[in-house]
Amino acid sequence: MNFDGSEGLPTRLLDVGTKKEAEACCSTGNHEEGSLRLIDTKDAKFGHIPLPTETPWKLDGFLNPNWIYYAVLSHRWGKSTEVSSTTKQNIRSRFNSIAYSELCGTFQDAIVVARQLRIRYLWIDSLCIIQDDKDDWRRESAVMGDVYYKSFVTFFAHSYAQEPSNDSDMSQTPKNGSKHTGSNDDVNTKDQSAEDGGRISLYARRSRIFEEDIQNSGLTSRAWIVQERLLSPRIIHFFNSQIYYESHNNGPVRAEDKTMPPTFDKFRECIFNNETRYAATPDVWFKVVERFCSCHLTQSSDKLLAIGGIAQKFHNGSQVPYWAGLFADRAAKGLLWTRRGPKLIRVQGRAPSWSWASADGPIRY
């Protein structure tokens with residue numbers, strides 16, 4: 001895999017409208033009135049991101065006037081997202097305008113959030129990549145890691161991931177009619193007598209609710225999501241129960257209900273913290289591979305592509321040669337993988353037989 005010679009920006013972005021248009025749409029609630037179209041990255045306005053005065057990422061440092069600020073949507077594909085996709089047939093018309101009403105609920109909500117945050121540009125894979133053009137897909141997928149790494153914020157649409165073929169409403173409810181409130185009845189209540197003779201309600205919840213929500217999400221079962229989460233500098237997680245904000249600069253995950261989930265991802269630390277860059281490939285790389293191999297890929301041929309962005313970041317820190325999923329300086333350990341489960345399925349021609357990428361299924365070192 002060649003890691004050189006790429007700016008790492010997507011070729012196209014979705015322009016969700018000017019600041020004035022965003023304010024008008026958000027004030028009336030009518031987002032069909034705002035302009036919506038695809039643009040080439042070279043036509044985007046540098047440094048264009050008017051931020052609200054009170055946002056957690058104001059603490060992340062100064063804004064570069066010579067950079068393109070855009071948000072990214074991380075979602076799970078379904079029938080409705082396929083219908084909304086960009087193809088050779090509609091690509092030209094989408095540079096003029098895109099009808100908001102013709103997009104699936106996942107994309108509509110991402111546009112609404114981007115406008116509320118006054119982020120003008122949005123990248124959605126199925127809108128910004130021509131889905132029936134293999135050359136375009138090959139070119140854009142080669143920089144997919146940098147698309148997330150160089151984004152301003154990523155929206156993780158967990159609330160759609162459970163039923164990807166039916167994603168028309170953010171407040172999606174299970175088929176039994178009861179609204180999901182988190183992970184496995186995470187909130188419990190108990191009435192208790194107060195000192196003044198009245199009654200008070202006590203609320204208790206599991207302390208690791210964020211980790212449980214992430215683990216139980218259908219979205220995070222996708223192999224592509226591993227690098228999308230690890231490489232995104234800021235993430236807003238949208239669950240049915242609440243919203244979480246995750247940033248590599250701002251410490252612990254922030255929950256909508258003001259709790260502070262005790263979580264810290266060593267993988268993200270290794271990628272973003274310059275002090276943890278090593279001259280050699282760190283052990284955490286093998287943990288990343290184990291996590292990645294336990295996830296699902298729709299297209300088996302994407303195995304190495306879907307982890308290529310993370311591999312590039314480790315390579316940039318060490319300049320160690322990378323061979324089909326193994327780094328040269330840790331090749332001996334890289335060969336010591338075995339199955340973690342009932343069986344592995346070998347895929348002919350995808351990678352050499354000594355590489356974990358030659359098989360589908362969970363592994364361990």
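Residues numbered from 1 in each chain as written. Predicted model: local features only at pLDDT ≥ 70, side-chain atom pairs only at ≥ 80, totals over all residues. Heavy atoms only, no water.

1. A look at the overall build of the chain
So the rule is basically this: Helix and strand labels come from DSSP, where a helix needs a run of H or I of at least four residues and a strand needs a run of E of at least two; each type is numbered from the N terminus. Pairs of residues are marked as contacts when any of their non-hydrogen atoms sit within 4.5 Å. Computed with the Shrake-Rupley method and a 1.4 Å probe, the accessible areas treat only the protein chains shown as cover for residues.
When you go through the chain residue by residue, the secondary structure sums to 14 helices and 16 strands. Of the contacts formed within the chain by residues at least 6 apart in sequence, a portion of 67% connects residues at least 24 apart. For the chain, the computed accessible surface area is about 18400 Å², with 49% contributed by carbon and sulfur atoms.

2. Some words on the confidence of the model for the chain
In plain terms, the rule: Residue-level confidence of the predictor is summarised by pLDDT, bounded by 0 at the bottom and 100 at the top.
Per-residue confidence for the chain gives a mean pLDDT of 78; residues scoring 70 or more make up 72%. Taken element by element, the predicted model of the chain shows its lowest mean pLDDT in strand β6 (residues 187-193) (53) and its highest in strand β4 (residues 121-123) (95). Every residue in residues 1-6 scores below 50 in pLDDT, and together they form 9 contacts with partners more than four places removed in sequence or on other chains. Note on residues 52-57: pLDDT under 50 across the span, and 14 contacts to partners over four residues away in sequence or across chains.

3. Section: a nonpolar patch on the surface
Heads up, the rule is: In this scheme, patches are assembled from residues that exceed 30% relative accessible area and form no salt bridge. Like charges are connected within 9 Å, while nonpolar side chains (Val, Leu, Ile, Met, Phe, Trp, Tyr) are connected within 5 Å. The rule for a salt bridge is simple: a side-chain nitrogen of Lys or Arg has to be within 4 Å of a carboxyl oxygen of Asp or Glu. Buried, partly exposed and exposed residues are distinguished by accessible area as a fraction of the type maximum, computed with a 1.4 Å probe on protein chains only: under 20%, between the cut-offs, and over 50%, respectively.
A cluster of nonpolar side chains, namely Trp-323, Leu-335 and Trp-354, defines an oily patch on the protein surface of about 320 Å² accessible area. Structurally, Trp-354 is set in the loop between β14 (345-346) and β15 (359-360). Assessed through its relative accessible area of 37%, Trp-354 is described here as partly exposed.

4. Examining the side chain of Ser-232
What counts here: Whenever a nitrogen or oxygen atom comes within 3.5 Å of another N or O atom, the pair is scored as a polar contact, on the condition that within protein one atom can donate a hydrogen and the other can accept it, and that pairs from neighbouring residues in sequence are kept only if both atoms are in side chains.
Take Ser-232: it is sitting in the loop between α10 (223-231) and β8 (234-238). Among the polar contacts listed, one links the side chain of Ser-232 to the backbone oxygen of Glu-228, at a separation of 2.5 Å.

5. Details of the environment of Cys-293
Looking at where Cys-293 falls in the secondary structure, it is placed in helix α12 (residues 284-293). The buried category is assigned to Cys-293, whose relative accessible area is 2%.

6. Side note on helix α6 (residues 134-141)
Put simply, the test is: Picture the helix axis, draw a direction to every C-beta atom, and the arc is the one those directions span.
Looking at α6, one finds that the buried residues are Asp-136, Glu-140 and Ser-141. On an axial view of α6, the arc spanned by its buried residues comes to 120°, and they lie on one face. For α6, exposure combined with an orientation more than 90 degrees from the buried face picks out Lys-134 and Arg-138. N-capping of α6 is provided by Asp-133, with a side-chain oxygen placed 3.1 Å from the backbone N of Asp-135.

7. Focus: the packing of aromatic side chains
Defined as follows: Only Phe, Tyr and Trp rings take part, Trp by its six-membered ring, and two of them pair if their centres are within 6.5 Å. Stacked means planes under 30 degrees apart, edge-to-face means over 60, and tilted covers everything else.
One pass over the full model with this rule turns up 10 aromatic pairs. Seen from their ring centres, Trp-285 and Tyr-322 are 6.1 Å apart, and the 80° between their planes marks the pair as edge-to-face. Of this pair, Trp-285 sits in helix α12 while Tyr-322 is found in strand β11 (residues 322-323), placing the two residues 37 residues apart along the sequence. This pair shows no difference in class: Trp-285 is buried, exactly as Tyr-322 is. When the centroid spacing of 4.8 Å and the interplanar angle of 50° are considered together, the rings of Tyr-322 and Phe-327 count as tilted.

8. A look at the environment of Cys-26
On the secondary structure map, Cys-26 appears in helix α1 (residues 19-28). Considering only alpha carbons, one finds Cys-26 and Arg-118, 92 residues apart in sequence, at a separation of 10.0 Å.

9. Some details on the environment of Leu-326
Residue placement: Leu-326 occurs in strand β12 (residues 326-327). Excluding its chain neighbours within four sequence positions, the residues that come into contact with Leu-326 are Pro-321, Ala-331, Gly-334, Leu-335, Trp-354, Ser-355 and Trp-356.

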